[in-house]
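# Close look at the chain arrangement
Residue strings, one per chain:
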Amino acid sequence: MVGVTAPAIDGQDHRDEVVRAEGVAKHYQVGSNLIATLRGRSALVKAVDGVSFTLKRGESVGLLGESGCGKTTMGRLLLKLVPPTSGSILFEGRDTATIDGADLRAFRRSAQLIFQNPFEALNPRLTIRQSLAEPLENAGVPRAERLGLIEEALELVRSPSPAEILERYPHQMSGGQLQRIVMARALILQPTFVVADEPVSMLDVSVRAGILNVFRDVRERLGLTAIYISHDLALVRYVCERTIVMYLGRVVEDGPTEEVVHEPLHPYSKALVTAVPVPHPDQSHEALPIHGGAPDARNPPSGCRFRDRCPHAFERCAVEEPKPIQQGNRTVYCHLFDS
Amino acid sequence: MTAPLLSIRDLSVSYVVGNGMVHAVDGATFDVPAAGIVGLVGESGCGKSTIARALTRVVPKNARFAGGEIFFDGTDLLKLSEGEMNRLRWGDIAFIPQSAMNSLDPVYRIETQLGEVLRQRGGLSKAEAREKSEALFELVGIEPRRLRDFPHQFSGGMRQRVAIALALALDPKLIIADEPVTALDVIVQRQILDQLQALQQRLGISVILVTHDISVVAYVCDRIVVMYAGQVVESGDTRTVLTAPYHPYTMGLYNAFPDLQSSQGILTPIEGSPPDLSAPPSGCRFAPRCPFVEPECRATEMVLHEVEIVDGPAGHVSACRRNGDAEMLRAKASEVATWSA
C-alpha cells in the first residue's frame, strides 16, 4: 500500500481522506488543428475540465452524468490510467503523478477498476482459476496461498458453486456470473479503493439486483472507498450515499444522494431527476424543464456550460464560470445560489 | 371492446442453429388495440425482438415460422404472398430500429432517402414529396432545413426522431419500435418517449414498444405484454399488471427494478438464469427460478388464463397455474427472503 508518508500539500490533516482531486483536467486532441480552425471550432475536447472533490475513507460516491460528461475519464484519472492535463490527484495524501516503481505496483494493488462489460473483461482463453490467479501472480503471492485467496474472493462476491466454476471458461458462464468473477478479480488483492464503471449496464434486470447487492455488501465488509460511475440515478441511489453530478467535463452538484434525488439544486440535476422513468404507472409526466441535447464538447458555451439549455440562465451565466457554493451538505456550481 | 388492430395467436418462431432448433418464440398470444401503445417487455433472449421482426416478416435466414397466426386488420399476415406483404410493410406497418443509424444510408442526404420512400412507395410527385418531408420533420420536431443534412450530422436523439419521421412517411396504422430509446441518455430518452406518445395520440395509430425497461412501459404504454423464455407469461392493462401482477415472474421483475421515487428497501434478484431454448423444460418455463413452484408446475403446460378482477379492465391474462393464489403470492414476493435460493 502507498504510505501516508508524504505530508499533505496544504499542511492540514487529511488522514481521513483517501482521494483528493484538485482542479483536474483532461484534454484530448481530436483531428487536426488546422482543419478545426478553418471550421471555426477547437480540436480539443475538454473531457474533464477543472474537477475537484475529495473522497473520505469508506465513502461510496456516484459519479453521475450522461454520455460525454467525462465521468469515465474521471474514473481513469483517479486510477492513474491516464495522466491529467492539469491539476492533481492525491491518493492517501500523495500526488499520483509522483508514484512510480515499487510504489506504483503498490498503488495498482490498492486502487482497482471494475469493468463495465463482463463479456470482454476476462481473457477468453483462460479458465476462471487462471484469470483470478493472474493478479496474485503479478503481485508475487506464493503459489501455495493463491487457491485460498481465490476461494475467499469468490465467497466474497457470493459466486454460486465456486468449486465447479474454477475450471470453466468465460463463454460457459452467464453475464451475471461473469460480473461476479470480474468483481472477485478486482477485489482479490484487497484494494482500499475501487472504481466501478457502469458494472451492471450489460446485465438483465433480474440479475442486476444481485450484483448491486454484492457491491453494497462488499464495500461495507471491506470498508472500501468506492466510485460508482453511472448514467442511472436510480442505480446510483441504490449503492451510493453521495452523488457527484457532472455535465460537460464539470461538476454541477455534489452532495448526499437522497438530497439530490428529492430536492435537486442545480437545474441540470433537476432535469435528470425529472427525466428518470419509474416502474409504476402513476408517475408524474411533468414536462422536462430543459430542451435540446448536450452541445458539442469541442465548443462548450462560455461561462456556465449548461446555460444554453438552462431555463433560469441570466447574463452572468454567459460571462462567469460558476464557483462552488456550499448549500447545507451540498456543493452546487450555479450562480442562482450565489446571493 | 372494439376489434384489435393486431391479433397474435399462438405464434411460434424458431431459429435453425447447427443441428438443432432454438424455439425463440413459442405460442405467443396477445392483441394490440387500435390506437394504443403496447409495451412488449422481457429480458434478453425472451423472444420480444423476434416477435417484433416476425410481425413484418423480415426475419434472419435461419428463422422458421413454426405455427400460429398474425391477424392484422383481419388478414393473416403469415398467409400473404411476399408481394402482398411488401405492400403492407412501411405502408401499414412501419418499423423503428434500436439504432436509427442502421436504417439510414450514410452517403445520402435525409431528404433523398425520405423523398425516395415517398415517391416510390407513396406515389407522390417530387414537389409533393418535398412538402410531405417538411411536414414530417415538423411533426417530429426537427427544423425542415435539416432535411439537407447527412445522417452523421444528427445526434443520437435527433437520429431517432428522423427514424420516427421515416416510419410515419406512409401513414402507417401500426409502428413497431424495437428498443427505440435504449441507447439514448435519460433526458433524450424522455424527449423521444414524449414525442412518440404525442404522435400516437394525435395520429390515432398503434405502437408496439419493445423494451427491457418496465419503467419505460409504465411511462408510456396503455398495455403491457410480459415475456419469459419465448412465451407470454402475463399481459393486460399496464396499471393493473404492474400494481397487481399475477405471474411470479412479473412480480420478480418488478422487485428487481430500482425505483427513484419510492423509499425502496433492498432490490431482489431472481436467482438462476432463463432456460436453454433449444431444449426448454417441460411445464412452466419459469418453474426452475420460481419461489412458489409446486411439483405440478413442472408437469402442466403453461396456458394463459383470464384473471378475475372485480371492476378492473378486461383482458388481463396470466399463465401461472396459481393465479388463484396471486394475492398471497404478491405479499410473499415482496419479502426478500422469498427469492433467496
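No experiment lies behind these values; they were computed from the predicted model shown.

About the cut-offs
Residues numbered from 1 in each chain as written. Chains lettered and ligands numbered in written order. Predicted model: local features only at pLDDT ≥ 70, side-chain atom pairs only at ≥ 80, totals over all residues. Heavy atoms only, no water. Contact = heavy atoms within 4.5 Å. Buried area = accessible area lost by both parts, 1.4 Å probe. Salt bridge = Lys/Arg side-chain N within 4 Å of Asp/Glu carboxyl O. Polar contact = N/O pair within 3.5 Å; in protein donor to acceptor, adjacent residues only side chain to side chain. Helix = DSSP H or I, 4+ residues; strand = E, 2+ residues; numbered from the N terminus. Buried < 20%, exposed > 50% of the residue type's maximum accessible area, 1.4 Å probe, protein only. Pairing = 2+ DSSP bridges. 1 Å grid on protein atoms, 1.4 Å probe; cavity = no way out; pocket = protein on both sides within 12 Å on 5 of 7 lines; lining within 4 Å. Points joined across faces, edges and corners; volume = space filled by probe spheres on them. Nonpolar A, V, L, I, M, F, W, Y, C, P; charged D, E, K, R; others polar. Core = buried A, V, L, I, M, F, W, Y, C linked by side-chain atoms within 4.5 Å. Domains from an automatic or database assignment. Axes fitted to C-alpha atoms, helices over the stretch in contact; angles between N-to-C directions. Left-handed = near helix turned anticlockwise from the far one by under 90°.

## A word on the interface of chain B and chain A
On the chain A side, the residues contacting the 37 residues of chain B number 42 residues. Summed over both partners, the interface of chain B with chain A buries about 3,500 Å², with 59% contributed by carbon and sulfur atoms. Broken down residue by residue, the surface that chain B buries against chain A is led by B:Ile187, B:Arg190 and B:Leu260, which jointly contribute 23%. Taken together, the connections running from chain B to chain A amount to 1 salt bridge. Residue B:Arg239 pairs with A:Asp282 through a salt bridge whose shortest N-O separation is 2.2 Å. Where chain B meets chain A, there are 16 residue pairs in polar contact (both at pLDDT 80 or more). When residues of the side of chain B that touches chain A are traced back to their parent elements, those giving at least two are α6 (186–203), α7 (214–220), α8 (238–243) and α9 (248–255) of chain B. Looking at the side of chain B that touches chain A element by element, the count peaks at 6 residues for α6(B).

## Here's the deal with the pairing of strand β9 (residues 223–228) of chain B
Residue and element names in this part refer to chain B. Across the 6 residues that make up β9, a large majority, 6, are buried. Residues of β9 alternate between two faces, with Arg223, Val225 and Met227 on one and Ile224, Val226 and Tyr228 on the opposite face, all of them buried. Pairing geometry for strand β3 (residues 37–41) and β9, over 4 bridges, is parallel. Paired with Gly39 across the two strands is Ile224, which belongs to β9. Where β9 lies against strand β10 (residues 231–237), 6 bridges are found, and the strand directions are antiparallel. In the strand pairing of β10, Ile224 is matched with Gly236. Taken together, β9 and the strand that follows it, β10, pair antiparallel across an intervening segment of 2 residues, in which Ala229 is found at a positive phi of about 50 degrees.

## Some words on the environment of A:Val251
Residue placement: A:Val251 occurs in strand β10 (residues 250–256). Look past the residues within four positions of A:Val251 in its chain and what remains in contact with it is A:Val51, A:Ile244, A:Val245, A:Met246 and A:Tyr333.

## Overview of the layout of surface pockets
Counted as a void, the second largest pocket has a volume near 830 Å³. In terms of lining residues, the second largest pocket is bounded by 36 residues, among which A:Arg180, A:Val207, A:Gly210, B:Pro269 and B:Glu271 are the most central. Of all the elements in the fold, those that place two or more residues in the lining of the second largest pocket are α8 (175–187) and α9 (205–222) of chain A together with α11 (336–339) of chain B. Looking at the lining of the second largest pocket, the element that brings in the most residues is α9(A), giving 8 residues. For the lining of the second largest pocket, the class distribution of residues is 14 nonpolar, 12 polar and 10 charged.

## Focus on the nonpolar core
Counting 140 residues, the largest nonpolar core has A:Tyr228, B:Phe137, B:Leu168, B:Ile187 and B:Leu209 as the members making the most contacts within it. Looking at which domains feed residues into this core, each of domain 1 (6–226) and domain 2 (244–339) of chain B supplies at least three. If near-sequence neighbours (up to four positions away) are discounted, B:Leu168 is found in contact with B:Leu136, B:Leu139, B:Val140, B:Ile175, B:Leu199, B:Leu203 and B:Ile205. B:Leu40, B:Ala52, B:Leu174 and B:Ile208 belong to the second-largest nonpolar core, a separate cluster that totals 33 residues.

## Focus: the side chain of A:Arg305
All names here are of chain A. For Arg305, the position within the fold is in the loop between α12 (267–275) and α13 (315–319). Within the structure, the side chain of Arg305 is placed 2.5 Å from the backbone oxygen of Leu248, a separation counted as a polar contact. Filtering out sequence-adjacent residues up to four positions away, Arg305 remains in contact with Lys46, Asp49, Tyr247, Leu248, Gly249, Arg250 and Pro300.

## Thoughts on the packing of helix α5 (residues 128–138) of chain A against helix α6 (residues 143–156) of chain A
All names here are of chain A. Close contact between α5 and α6 brings their axes to 10 Å; oriented N to C, the two are set at 115 degrees. Both α5 and α6 take part in a crossing whose hand is right-handed. Contact residues: Arg129, Leu132, Ala133, Leu136 and Glu137 in α5; Arg146, Leu147, Leu149, Ile150 and Leu154 in α6.

## Some words on unusual backbone geometry
All names here are of chain B. Even without being glycine, Asp10 reaches a positive phi, approximately 55 degrees. Along the chain, the position of Asp10 falls in strand β1 (residues 6–17). Residue Asp10 is classed as partly exposed on the basis of its relative accessible area, which comes to 48%.

## What to know about the domain arrangement of chain B
Residue and element names in this part refer to chain B. For chain B, the assigned domains are domain 1 (6–226) and domain 2 (244–339). When each unit is reduced to the centre of its C-alpha atoms, the spacing between domain 1 and domain 2 is 29 Å. The partner domain 2 presents 13 residues to the 13 residues of domain 1 that form the contact. Across the interface of domain 1 and domain 2, roughly 1,100 Å² is buried in total on both sides, 61% from carbon and sulfur atoms. Of all residues in domain 1, Glu43, Ile214 and Val226 bury the most surface against domain 2, accounting for 42% of the area lost on that side. Our enumeration of links across domain 1 and domain 2 arrives at 1 salt bridge. For the salt bridge of Arg285 with Asp26, the shortest nitrogen-to-oxygen distance reads 2.5 Å. Run the count over domain 1 and domain 2 and you get 4 residue pairs in polar contact (both at pLDDT 80 or more). Looking at which element gives the most residues to the side of domain 1 that touches domain 2, the answer is strand β2 (residues 20–32), with 6 residues. Here the residues of the side of domain 1 that touches domain 2 sort into 5 nonpolar, 4 polar and 4 charged.

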